[in-house]
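# Coordinate inspection notes
Here's the letter readout for the chains.
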Amino acid sequence: MAVIKEFIDNIFNNPPIDVCLPRAFTVFYRDVGKRVEAYMVEVTYKNDKHKEFTFPVDNDHWKLVSKDRAYKRAMAFYRRQRAKVRAYNRLHRNENSK
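Here's a quick rundown of the structure. (Residues numbered from 1 in each chain as written. Predicted model: local features only at pLDDT ≥ 70, side-chain atom pairs only at ≥ 80, totals over all residues. Heavy atoms only, no water.)

### Focus on the side chain of Asn14
Stated precisely, the cut-off is as follows: Helix and strand assignments come from DSSP, with helices taken as H or I runs of at least 4 residues and strands as E runs of at least 2, each series counted from the N terminus. A 3.5 Å cut-off defines polar contacts: any pair of N or O atoms within that distance qualifies, except that in protein one atom must be a possible hydrogen donor and the other a possible acceptor, and neighbouring residues in sequence count only when both atoms are side-chain atoms. What makes two residues a contact is simply this: any of their non-hydrogen atoms within 4.5 Å.
Mapping Asn14 onto the fold places it in the loop between α1 (2–12) and β1 (16–19). Here the side chain of Asn14 touches Lys46 through a polar contact of 3.4 Å, landing on its backbone nitrogen. Here Asn14 is in contact with Asp9, Tyr45, Lys46 and Asn47, once residues within four sequence places are set aside.

Below, the structure is given as structure tokens:
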């Protein structure tokens with residue numbers, strides 16, 4: 001029965017165990033120069049899968065998302081994930097001490 005629970009937890013309840021600070025994704029254009037196109041946040045999950053979340057900047061079209069706004073969204077996501085990582089670590093620290 002424990003094997004089935006671990007299998008289900010690995011698929012559906014896969015908590016993040018590490019998160020990296022947002023980093024800028026830049027592109028160099030000949031006419032504009034170097035420009036930030038998005039901010040990326042990489043999250044590592046318990047089953048060793050890595051996922052990158054992208055927070056794009058709308059430079060060309062309607063300019064709905066500025067560079068600052070995209071960075072703030074990425075940082076808010078980073079903080080939420082970091083809180084989940086801390087909660088996971090706290091939970092497992094308490095389980096291991098028993």
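### What to know about a nonpolar patch on the surface
Here is the rule we go by: Only residues whose relative accessible area exceeds 30% and that take part in no salt bridge are eligible for patches, with like-charged residues grouped when within 9 Å of each other and nonpolar side chains (Val, Leu, Ile, Met, Phe, Trp, Tyr) grouped when within 5 Å. Surface accessibility follows the Shrake-Rupley procedure with a 1.4 Å probe radius. Residue values consider only the protein chains on display as shielding. Just to be clear on terms, a salt bridge is a Lys or Arg side-chain nitrogen sitting within 4 Å of an Asp or Glu carboxyl oxygen.
A cluster of nonpolar side chains, contributed by Ile4, Phe7, Ile8, Ile11 and Phe12, occupies part of the molecular surface with about 550 Å² of accessible area. The residue Ile11 is located in helix α1 in this model.

### Quick word on the nonpolar core
The condition that has to hold: Side-chain atoms within 4.5 Å link the members of a nonpolar core, which is a set of buried Ala, Val, Leu, Ile, Met, Phe, Trp, Tyr and Cys residues. Exposure classes here rest on a 1.4 Å probe applied to the protein chains alone. A residue is buried below 20% of its type maximum, exposed above 50%, and partly exposed in between.
Among the nonpolar cores identified, the biggest contains 14 residues, and Tyr39, Val41, Val43, Phe53, Phe55 and Phe77 are the most heavily contacted of them. Mapped by element, the contributors of at least two residues to this core are β3 (33–45), β4 (50–56) and α2 (67–97). Sequence-distant contacts of Val41, that is, excluding residues within four places in its chain, are made with Val19, Cys20, Pro22, Lys51, Glu52, Phe53, Phe55, Ala74 and Phe77.

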